[in-house]
Every structure is written in C-alpha cells, then in structure tokens.
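Chain by chain, the residues:
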Amino acid sequence: MMKRSGGMPGRSYCFEEKSDAVCNRRAMGGLMAEQRPMRGIIDEAINHKIWAIVGASENTEKFGNRIYRNLKQAGYTVYGVNPNAESVDGDPIYPTLKDLPEKPDVVDVVVPSWVGRRVATEAAELGIPIFWLQPGAESEELIAYATELGLQVIHHHCAMVEKKVWPGGVHVSAHEA
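To start, this report covers the structure provided alongside it. Computed from a predicted structure; not experimentally measured. (Residues numbered from 1 in each chain as written. Predicted model: local features only at pLDDT ≥ 70, side-chain atom pairs only at ≥ 80, totals over all residues. Heavy atoms only, no water.)

### What about the overall build of the protein?
Cut-off, in case you're wondering: Helix and strand labels come from DSSP, where a helix needs a run of H or I of at least four residues and a strand needs a run of E of at least two; each type is numbered from the N terminus. Three labels apply to residues, based on accessible area from a 1.4 Å probe with only protein chains included: buried if under 20% of the type maximum, exposed if over 50%, partly exposed otherwise in between. It only takes one pair of heavy atoms within 4.5 Å for two residues to be counted as in contact. The Shrake-Rupley method, run with a 1.4 Å probe, gives the accessible areas here. Residue values count only the displayed protein chains as cover.
From N to C terminus, the protein includes five helices and twelve strands. Looking at the 177 residues of the protein, the share that counts as buried comes to 46%. Within the protein, contacts between residues at least 6 apart in sequence are counted, and of these 55% link residues at least 24 apart. Total accessible area computed for the protein in this model is approximately 8,400 Å², and 52% of it derives from carbon and sulfur atoms.

### What to know about the sheet that holds strand E9 (residues 130–133)
What counts, and what does not: Here, any two strands with at least 2 DSSP bridges between them count as paired. A fitted line through C-alpha atoms serves as each axis, taken over the contacting stretch for helices, and the angle formed by two N-to-C directions is quoted from 0 to 180°.
The sheet built from seven strands is open, its strands ordered E6-E7-E5-E4-E8-E9-E10 with mixed pairing. Edge positions in the sheet fall to strand E6 (87–88) and strand E10 (152–154), since each has one partner strand and no second. In terms of strand pairing, strand E8 (residues 106–109) meets E9 through four bridges, oriented parallel. Opposite Val 106, over in E9, you have Ile 130 as the bridge partner. Here helix H1 (residues 38–47) sits on the sheet and contacts strand E4 (50–54), E8, E9 and E10; the angle it forms with E10, its principal contact strand, is near 90 degrees. Seen against the sheet, helix H4 (residues 140–148) touches E9 and E10 and runs at an angle of roughly 175 degrees to E9.

### Concerning the environment of Leu 71
You can see Leu 71 is positioned in helix H2 (residues 63–73). With 89 residues separating them along the chain, Leu 71 and Met 160 place their C-alpha atoms 9.0 Å apart.

### Quick word on the packing of aromatic side chains
The criterion, for reference: Each Phe, Tyr or Trp ring, with Trp reduced to its six-membered ring, pairs with another whose centre is within 6.5 Å; inter-plane angles below 30 degrees give stacked pairs, above 60 give edge-to-face pairs, and intermediate values give tilted ones. Charges are assigned to positions over rings by a cutoff of 6 Å between ring centre and Lys NZ or Arg CZ, combined with an angular limit of 35 degrees from the ring normal.
The full count for this structure, using the stated rule, is three aromatic pairs. Aromatic side chains Trp 51 and Trp 132 sit 5.8 Å apart centroid to centroid with 40 degrees between the ring planes, which places their arrangement in the tilted category. With Trp 51 in strand E4 and Trp 132 in strand E9, the pair connects residues that are 81 residues apart, well separated along the chain. The pair Trp 51 / Trp 132 is uniform in exposure class, with both members buried. Through pairs of rings, three or more aromatic residues link up here, namely Trp 51, Tyr 76 and Trp 132. Here the basic side chain of Lys 49 rests over the ring of Tyr 76, its NZ or CZ set 4.4 Å away from the ring centre. Seen from the ring of Tyr 145, Arg 117 lies directly overhead, with NZ or CZ sitting 3.7 Å from the centre.

### Remarks on H1
Put simply, the test is: For this quantity, the arc is that covered by the directions from the helix axis to the C-beta atoms.
Buried residues of H1: Met 38, Ile 41, Ile 42, Ala 45 and Ile 46, and no others. With its buried residues spanning 130 degrees around the axis, H1 presents them on a single face.

### Here's the deal with the pairing of E8
Across the two faces of E8 the burial is the same, with Val 106 and Asp 108 and Val 107 and Val 109 all buried. Pairing of E4 with E8, which is carried by four bridges, proceeds in the parallel orientation. Residue pairing for E8: Ile 53 is matched across the bridge by Asp 108.

Have a look at this one:
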C-alpha cells in the first residue's frame, strides 16, 4: 500500500494503491471527494471514442503527436489542442477545449502541470468527465485540484502503455508508445 500526503497549504490528500485499483481521495473540510477505482476509469476511457489531446504537436518525436496519431489510426475521433500549433497529421489543432467542434469524453494531457491546472478548470466547466494526465504532466497538486473539480483523474499511467492494442486493431509497440 502506498500513501502520500501533503500538497497545497491548508489542504491534505492521499493516494492509496491497492493491487490494481488506485483511488484518489481529497480531504475538504472533513469531507472526502472520492473517485472510482482507477482501473475502471482507464477501461472506460479506452472505450470512449472521442478524445482531446492537450499538447498535440506537429513534432513527430513528441508524445502528444504519437498519442494523437495512434488514436486516430485506431478509429477514434481525436482533436488536438495547442494554442501554439496549427495542425497535426493534416488536421487542425484548436487553441482550447472550448474551441473544439464537439465535446470529447476524454481529455489526455501531455503538457506541464502548471498548464494542466487551466485545462482541468476548462474540462470541468465543459463537463468533460475523464481527465488523463500522462506521465510527466502530473503533480500531486494538479491531481488534487482536478479531483476537487469532480473530474475522474487518471495519473501515473501512459495511455499507449495501458492499452497496447486499441479497439480497432492497431497494435502499439513499446517503441511507438
């Protein structure tokens, strides 16, 4: 079992890992906001077909580009979000989640955690239920903040590693992930 505590001043939270399930808990004035087991959130996310990749990039070496292309090849509807880019894989990239033509079911975040806080706020405002923080994009403060907003947060798991064969039959090798 793993426990962490700390974070923002005046706030405490912990993460407990029990076998395959990871639950986020956040203490709020004596109340706890709790998520479902992480394995269930991951399985749900993988089966949703409309994703936004925040941090999608034109650079084929970046994970935002790799995740975008792999999901697209697997038959997902994927929208790139990046205010500093114009296109990925020939598709337009949108500056914010609010600019997307439709609401995604999953937001996959591949940007630093200080940017992720703004993205979490926007996802919650838009009612996007699943907030996936790729390794390197997470921080304990961001995880706690997104959980407090009511988002189902996935963290410390890479989307491409979690599901090596995406629905649609596209195999993702460890090299591609």
